[in-house]
Each structure stands twice: as C-alpha cells, then as structure tokens.
Amino acid sequence: MAARGGGGDSEGDGGGAGRALPPHSPSGAVLQTVEMHTGGEPLRIIPRLEAAERAAAAGLSLLSLRREVAARHDHVRRALMHEPRGHAGMYGAVVVRGGPAADGAHLAVLFLHCAGYSAMCGHAVMALGRFALDYGLVAAPTRPETAVRLRCPCGPVTAFVPWDGRRSGNPVRFHSVPAFAAATDLAIDVPGHGKVVVDIGYGGTFYAFLSAEQLGLDVRSSKTRDLVSAASAVTEAVKKQFKLHHPESEDLAFLYGTILTDGKDAFSEEPTTNICVFADEQVDRSPTGSGVTARIALQYHKGLIQLDQSRTFQSSTTGSLFTGKAEAKFGNYNAVIVEVSGEAFYTGTATFTVEEEDPLKHGFFLK
C-alpha cells in the first residue's frame, strides 16, 4: 500500500527513543490525516495520496481518477474508513492539487465512505473550505471572507470561508452544482411497508425523500435502527423501480440514499428535521449538505419556497443545523444553484501506519 500523507519524512531513525512513529513495515504505508467534523459528521482528510497524484499528473479527469482509485487503490479507503482505524460512520476526503483533475480549482477532492465513493458531500466541502485556507492551498486569502474553488466529482463547487488574516472561521457556506427535481410524487412499493410516495432530488448526488410518517415512524422519536432499516428498504425499492438519469454524466446517475423527513416541506421559519441514510446503511450525523441542496431544489420545483428564502434543517441524530436557500435559477430546465451554510471544526491530526504482516491491515467492517 504505497501511500503517504502530507508533511515530511516521519519514519524515525530506528534508534528507539525519540522515534516519531510506532514500528511499522519498511514497505508499509504511512498516512497522515487532518480530522474534522461538520455538524457532527466526521471528515478524515488525506492531504496527499501519492497514487492519486501520479494518476492526476497523467492527465485523468476527476471522474476518471475516481474510477482509477476505486479500482486500484481501494485498500487506502478501507484502511482509513473501516475498523480498527475508522468506524461504521466514518467519512473521508482525498485532496488532489493541480492537473486536469483540479481543472483550475484550488483543489480537487475524492469523497470516501465505508461502502465506496460519492460524487458530492456538502459537509466535507464546508470542512475542506477551512482546511484549504489554514493549510495554505489558497495563495492570498482575503478578509473578511475568501472564496475557495473546489472540483468535486459532480462538478465545480465554491465555498465561502471567513478569514481574519490568521485563521479560518465559521460559518462556512457553499454554492452547489445545479440542483433539480428528478421525480416527484413517485409511487414506490416498499417490501414490508407497502406503497409510499417519494420525491427524488439531485444535489450533487441523488436522494429519495419521504416523510417518516409514511413508514409508521417519527423522524424525531423513533429508534435510529428502525429509521435506518426503513430508509434502506426505500433505497433498494427505488433502485429497482425507477431509472435515474443525469443530463451530463451517467457516472452520476446512481441513488446515494434516502432521507426521511418530518414532512414539513412548505416554507417556515421553524427548522425541519431529517435523517439521511446513505451508502450501505451509513447514517449522516449532520443535516447532510448535498441532501439539503436536493431538498431545496425539490421545494423550489414544487413552488413551496421562493428564491432567497432561507430554511433551517436539523439533524435528528445530533440536533446540528444547516441553512439552505435557492440562490438562482440555472439553465433552461428547472434547476437552481443552492447555498448551504454550516459550521465545521477541527478535532485533531493523526498518523496511521500499516504493518504488512497484520491480517487486518486493510480494515474490516461490522454492521
């Protein structure tokens, strides 16, 4: 596993005392990370991954780089997302600088989770906006706010980050890729639950939305395990019964998960609560940045909100809050650019090592 984090050589001098790292195989990986969270949802940032850098330098686009890393270097994702280094709710990001992958942005990013790779992640974008300023990826930050251009697999995204001349701050906001309603009032037969009506929205990735009440649950008071099981059943049913399409790339035409809501879709000054279950039954601790984007697009499409009407979204798991609003219409179809805002915080840094003789070196995953 040839991978190394950012920073200098930290392999120690073999002298025992003063060694910077625990013992590890000479050929084993050393991965340095920056740890953050946004609204309680973790983000393990890999500032440098040599395999991704080499592939990007060879001229791969970001979507092609995503396929390359998944096919040839997935052991890095497994090692850092899965136990014993990660956990069932871990999320990560590989930073890629320069080349066609970044395409003129300050950085490109690959999103990692316990089951694979996403096309977009709003909570990660907000955290990466701060990271980009504090770690010098933006040459000349401006006060009181700096625009940080990110290239995500779904397209270009801009984060707006407070800057006081020394360090970044909160809240961070970002402008999404064009978001739109893919389907509304779609009848789906969910085994164990019968017929339900869902909306499908795109906010950099696709989600199915429905009120938890349709499944006999309450998004605020039902057991998380029950909400996860029901949302996962909806995801699988939608995948079987509805064909997704993305106007720019079929690489983006996949259902990422299901978001159960309190049903309060009409505009209100009061927060609306939801829980996002994505990938392989992974639960987002935050209100979900790309989910807020997609839900705003659906509400705008249905005439429930207007441009520049800001709504507050609350996570049912942590109580954390994001705000979102439709900034502007986009193109000739009913798409909008959505602004999402939240708070991202540092939790530390880490250096992970791998011993080649470890039978669990690439991690394991318990559900």
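Please read all numbers here as calculations on a predicted model, not as lab measurements. (Residues numbered from 1 in each chain as written. Predicted model: local features only at pLDDT ≥ 70, side-chain atom pairs only at ≥ 80, totals over all residues. Heavy atoms only, no water.)

**Some words on the domain arrangement of the chain**
Think of interface size as the accessible area that goes away when the parts come together; that is how it is often given.
Phase 1 of the analysis: Assigned domains of the chain: these are domain 1 (30–171 + 347–352) and domain 2 (177–342).
Phase 2 of the analysis: Across the boundary between the two partners, domain 1 contributes 27 residues, which contact 26 residues of domain 2.
Phase 3 of the analysis: Interface area for domain 1 against domain 2, summed over the two sides, is near 1800 Å², with a carbon-plus-sulfur share of 58%.
Phase 4 of the analysis: Its largest share of buried area at the contact with domain 2, domain 1 owes to Glu41, Met126 and Cys154, together 24% of the area lost on that side.
Phase 5 of the analysis: Viewed at the interface, domain 2 and domain 1 are joined by one salt bridge.
Phase 6 of the analysis: We note a salt bridge from Asp251 to Arg67, for which the minimum N-O separation is 2.2 Å.
Phase 7 of the analysis: Between the two partners, domain 1 and domain 2, sit seven residue pairs in polar contact (both at pLDDT 80 or more). (Domains from an automatic or database assignment. Contact = heavy atoms within 4.5 Å. Buried area = accessible area lost by both parts, 1.4 Å probe. Salt bridge = Lys/Arg side-chain N within 4 Å of Asp/Glu carboxyl O. Polar contact = N/O pair within 3.5 Å; in protein donor to acceptor, adjacent residues only side chain to side chain.)

**A word on the packing of aromatic side chains**
Phase 1 of the analysis: According to the stated counting rule, one finds nine aromatic pairs in the structure shown.
Phase 2 of the analysis: Arranged with centres 5.0 Å apart and planes meeting at 25°, the rings of Phe180 and Tyr202 form a pair that is stacked. A residue pair is termed long-range when its members are at least 10 positions apart, and Phe180 in strand β9 (residues 180–190) and Tyr202 in strand β10 (residues 194–202) qualify at 22 residues. There is no split in this pair, since Phe180 and Tyr202 are both buried.
Phase 3 of the analysis: Through successive ring pairs, a cluster of aromatic residues spans Tyr91, Tyr207, Phe209, Phe254, Tyr256 and Phe278.
Phase 4 of the analysis: In this structure, Arg173 is placed above the aromatic ring of Phe160, and the distance from its NZ or CZ to the ring centre is 4.4 Å. (Phe/Tyr/Trp six-rings, centres within 6.5 Å; stacked < 30°, edge-to-face > 60°. Helix = DSSP H or I, 4+ residues; strand = E, 2+ residues; numbered from the N terminus. Buried < 20%, exposed > 50% of the residue type's maximum accessible area, 1.4 Å probe, protein only. Lys NZ or Arg CZ within 6 Å of the ring centre and 35° of its normal.)

**Brief notes about helix α6 (residues 224–241)**
Phase 1 of the analysis: The first and last C-alpha atoms of α6 sit 26 Å apart over 18 residues, in line with the 26 Å expected at 1.5 Å per residue.
Phase 2 of the analysis: Along α6, the positions that sit buried rather than exposed are Leu227, Val228, Ala230, Ala231, Ser232, Val234, Thr235, Ala237 and Val238.
Phase 3 of the analysis: Each element contacted by the buried residues of α6 is listed here: β9, β10, β11 (206–211), β12 (255–261), β13 (272–278) and β14 (282–283). (Expected span 1.5 Å × (residues − 1).)

**Concerning the pairing of strand β16 (residues 321–330)**
A regular strand places its side chains on the two faces of the sheet in alternate fashion.
Phase 1 of the analysis: With four bridges joining them, strand β15 (residues 311–315) and β16 adopt antiparallel strand pairing. Looking at β16, one finds that Arg311 is bridged to Gly324.
Phase 2 of the analysis: Connecting β15 to the next strand, β16, in antiparallel fashion are five residues, including Gly319 with a positive phi near 80°.
Phase 3 of the analysis: Pairing geometry for β16 and strand β17 (residues 335–342), over seven bridges, is antiparallel. Bridge pairing links Phe330 to Ala335 in β17. (Pairing = 2+ DSSP bridges.)

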